[in-house]
Each structure stands twice: as C-alpha cells, then as structure tokens.
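Structure assessment
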Amino acid sequence: KNEVEQSPQNLTAQEGEFITINCSYSVGISALHWLQQHPGGGIVSLFMLSSGKKKHGRLIATINIQEKHSSLHITASHPRDSAVYICAVDPARQLTFGSGTQLTVLP
Amino acid sequence: KAGVTQTPRYLIKTRGQQVTLSCSPISGHRSVSWYQQTPGQGLQFLFEYFSETQRNKGNFPGRFSGRQFSNSRSEMNVSTLELGDSALYLCASSSHNEQFFGPGTRLTVL
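Structure report, in brief.

Quick notes on the rules
Residues numbered from 1 in each chain as written. Chains lettered and ligands numbered in written order. Predicted model: local features only at pLDDT ≥ 70, side-chain atom pairs only at ≥ 80, totals over all residues. Heavy atoms only, no water. Buried < 20%, exposed > 50% of the residue type's maximum accessible area, 1.4 Å probe, protein only. Helix = DSSP H or I, 4+ residues; strand = E, 2+ residues; numbered from the N terminus. Pairing = 2+ DSSP bridges. Disulfide = S-S within 2.5 Å. Phe/Tyr/Trp six-rings, centres within 6.5 Å; stacked < 30°, edge-to-face > 60°. Lys NZ or Arg CZ within 6 Å of the ring centre and 35° of its normal.

What follows concerns the pairing of strand E9 (residues 83–90) of chain A. Residues and elements named next belong to chain A. Along E9, seven of the eight residues are buried, which leaves the element largely enclosed by surrounding structure. Of the strand pairs in this sheet, strand E4 (residues 31–37) and E9 are connected by seven bridges, and their pairing is antiparallel. Of the residues in E9, the one forming a bridge with Gln37 is Val84. As paired elements, E9 and strand E11 (residues 101–106) share three bridges and run antiparallel to each other. By the bridge assignment, Ala83 is partnered in E11 with Leu103. Summarising the sheet, E9 and strand E10 (residues 96–97) pair through two bridges and their orientation is antiparallel. Bridge pairing in E10 links Ala88 to Phe97.

Right, here's the structure in full:
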C-alpha cells in the first residue's frame, strides 16, 4: 500500500465547476504539501499545511491530522487550472508523493 | 529574488556514462533537495543537503550521489547510467520547510 493515496487519478470538469481532490496518508507527518505541475514539468508549491485550512484565491486546502486526510478544493474552475495536482507528505524532511491527479477543465 | 535554477535543462547521455546536474537555490536558502520523476514511479526523493551536509537520503543506489557547496549550490551525480535513469530531475530549495522547485533537468539515457 502506498503511503500517500490520491483520488481521483483523472478529473474532467466544465469551467465554473467546484472541484475536490483528496489525499490520504498513512504515516505521521510534520506537514503536507499541495503542488501543481504544468506540462513541461515545472512544479509550483500551492500550500503547505500542518493543521486546519488555508485559502489562496480560488484554492482552498484542508487537513485533518487525526484522520490523516487532506483535500484541495478549486472554486469556479477555469481552463488555466488544468494541470497535475500532487499531494506530498513530509514525515521528516523527506517528501513522499502521491501519484497525482490530472485535472482538465473544459471551456 | 531569482528563483531556483537548474542546469542543464536537457541532457542526452548513453548507457555507462556519468552525468552531473547543477542546482542553484534561492538566495538565502540553505536546504536543497533533489527528486527524480519518471512516468512509472512518479516523484521520488533522492537526497537533501543543508549547509554542505547530507541530512537525508532516499532509497536509490550508490550510483546517485550529491554534494553541496558553501554558497548552497548543489550538484548531483549519476555514474554508470542505465536506461531507467531517464527522468526529470528536480531540485528544490526550502525555507521554513516550504519548497521552491526549479524547472528541472530532463535526462535521456540512450
């Protein structure tokens, strides 16, 4: 069993839809990261969470430490949100990554 | 501040050769981590350096090595290249555990 499980693996949405990507992990962690990767490979860090909830523009990330679960929400999705979203956990300065969620937002 | 830079961006090597990749972190960042990304295995942690010392190492063979210089720039070396080493190699510098990724070096081993 992978230490980090993401769902769904693929997600297609219409512009304007509310999107949720889930991440479950099995190890104790000091932080959880949500990353965005566009075609071509560049990775951008969206959030780093150790508890609660963070919001940045149309993106919201939550984490439940007791349940070992995190969600990334995108409100009012837009085609430019199309990318791979990756959850990564940090047990001890050694990131372990989920397999990623390929999001496609259609106009 | 300038972002994380990696050189070269693309590299083609043949089996058995060795390769050295370079990463320059954001100014003031003392931690540099390296990652390998392949279609089959996804993103995997290679190693992390802090103030010229390797603090953590992932589950990779000894052919993969790295070092960090006093200016925090880091290099990773892969010796005796295998076809399976073809990948995108990413480095990230961090401050207070937040990771800032470079654009990556795409290595192709023929």
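What follows concerns the state of the cysteines. In the structure shown here, the tally under the stated rule is two disulfides over all chains. Between the sulfur atoms of Cys23(A) and its disulfide partner Cys87(A) the distance amounts to 1.9 Å. The disulfide joining Cys23(A) to Cys87(A) has a torsion of about -60° about its S-S bond and is therefore left-handed. You can see Cys23(A) sitting in strand E3 (residues 19–25) and its partner Cys87(A) sitting in strand E9, a full 64 residues away along the chain. Each of the two residues, Cys23(A) as well as Cys87(A), counts as buried. The disulfide bridge from Cys23(B) ends at Cys91(B), spanning 1.9 Å between sulfur atoms. With the S-S bond torsion at 70°, the cross-link from Cys23(B) to Cys91(B) turns out right-handed. Of this pair, Cys23(B) sits in strand E3 (residues 19–24) while Cys91(B) sits in strand E9 (residues 87–95); the two residues are 68 residues apart in sequence, bridging distant segments of the chain.

Quick look at the packing of aromatic side chains now. Inspection of every chain in the model, using the stated rule, returns five aromatic pairs over all chains. Look at Phe47(B) and Tyr49(B): their rings are 5.7 Å apart centre to centre, the planes differ by 70°, and that puts the pair in the edge-to-face class. Each member of the pair Phe47(B) and Tyr49(B) is classed as buried. Three or more aromatic residues link up through ring pairs in this structure, and these residues are Phe97(A), Tyr35(B), Phe45(B) and Phe101(B). Looking at Arg55(B), its charged tip hangs above the ring of Phe50(B), at a distance of 4.3 Å from the centre.

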